[in-house]
Amino acid sequence: MFICDCHCDTLTELYKKGTSLYDNDQHFDIKRQIELGGGLQFCAIFVPTHEFRYYGGLRYTLCLLDKYKQELKALQEKGIDVLPVLTKADAADVLNHKAATLLAIEEGGAIDGSLEALRMLYELGVRAMTLTWSNRNDIADGVNEECSGGGLTTFGRQVVAEMNRLGMLVDVSHIATAGFWDVIETSTKPIIATHSNAKTLCSHPRNLNDDQIKAINANDGLIGITFAGQFLEEDYNNACIDSVYRHIDYMLNLLGNDDHVGFGSDFDGISHPPYNIHGVQDYKPLIEYLQSNSSELDSFIRYWDETLCSKTIPSGEMDGIRILSIHKSKGLEFHTVLIPFCDWKL
């Protein structure tokens, strides 16, 4: 199976520990991803609040970006086939490679209040950015600031507009409710919540309420189901594969389609993973469990299978990555909507 996972914090651990992207003892590495059957992994540069608060966000971001580049170079020198996704053509080609990565930033404080920095990070390969972590920055308030009622700042609206122009994915995970609705109003492109779950099933403030889930659906965006135990269950000790299944099932039935739900594990960024998910290798039992319960779903969460990839659409005409989904009534189907790569310029 070829899995797309829209969020992990592996780069932070690689940078702090000096470990390898190819083989490590963390939640995610390329070796286990390839053994699983390959995949596209969004690799986030997480910028802690204390790093950007006094205008050190860009420096810290460049340190982790350098680690990412060095690891890709090491993989290339070893002859390991990993594609860094930068363009629409790359996105269309991922299934022809053993594995693929997409560079993201988690925390808009990384740009230190500068649209120039945002543009340069795009030139260096960043293709998605979480506007806020859970605290306040120059762009908007995070969920820890819900009491303020603050949304996008004037600068935040400029950031969203510039990300739209560049073709960079606007990520609304972690943003406060008012900011979420400001993004829905401001963005002219589909948005993404890379790692968020359903608040109806688990009341954590980081999760999305039904109206937000429906708004992302109407926006033609995507929600990545995260494996953080505290976002899956009220008591994170109870979080398990079945918890992931229930959040997927809930969103699919709420929306009535499977075009806007994916995975966003948050591997290497979660302190309380499900007790039976220990890393990327456990996508196998997760998918097997989802398949075994698919008869109870109106539609089943997408996953990719390189042996079933359609080659009928020229890469220049694709609006997303060719993906496979399973429907209770229709069997196997292909869809092209996953991530809005259609506006990428490079």
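Above this note sits the structure.
Throughout what follows, the structure given in this document is the object of discussion. (Residues numbered from 1 in each chain as written. Predicted model: local features only at pLDDT ≥ 70, side-chain atom pairs only at ≥ 80, totals over all residues. Heavy atoms only, no water.)

**With respect to the layout of surface pockets**
Estimates place the volume of the largest pocket at around 330 Å³. Along the walls of the largest pocket sit 24 residues, with Asp9, Trp133, His174, Asp266 and Gly269 positioned nearest its centre. Breaking the lining of the largest pocket down by element, the ones donating at least two residues are α1 (10-17) and α10 (229-232). At three residues, α1 tops the list of elements feeding residues into the lining of the largest pocket. Considered class by class, the residues forming the lining of the largest pocket number eight nonpolar, nine polar and seven charged. Its boundaries defined by the atoms lining it, the second largest pocket holds a volume of some 230 Å³. (1 Å grid on protein atoms, 1.4 Å probe; cavity = no way out; pocket = protein on both sides within 12 Å on 5 of 7 lines; lining within 4 Å. Points joined across faces, edges and corners; volume = space filled by probe spheres on them. Helix = DSSP H or I, 4+ residues; strand = E, 2+ residues; numbered from the N terminus. Nonpolar A, V, L, I, M, F, W, Y, C, P; charged D, E, K, R; others polar.)

**Remarks on helix α4 (residues 57-77)**
The terminal C-alpha atoms of α4, which comprises 21 residues, lie 30 Å apart, in line with the 30 Å expected from a rise of 1.5 Å per residue. Residues of α4 that are buried: Gly57, Tyr60, Thr61, Leu64, Leu65, Lys67, Tyr68, Glu71, Leu72 and Leu75. Here the buried residues of α4 occupy an arc of 150 degrees about the axis, which is enough to place them on one side. Along α4, the residues that are exposed and aim more than 90 degrees away from the buried face are Gln76 and Glu77. At the C-terminal side of α4, glycine 79 shows a positive phi close to 80 degrees. (Expected span 1.5 Å × (residues − 1). Buried < 20%, exposed > 50% of the residue type's maximum accessible area, 1.4 Å probe, protein only. Arc of directions from axis to C-beta.)

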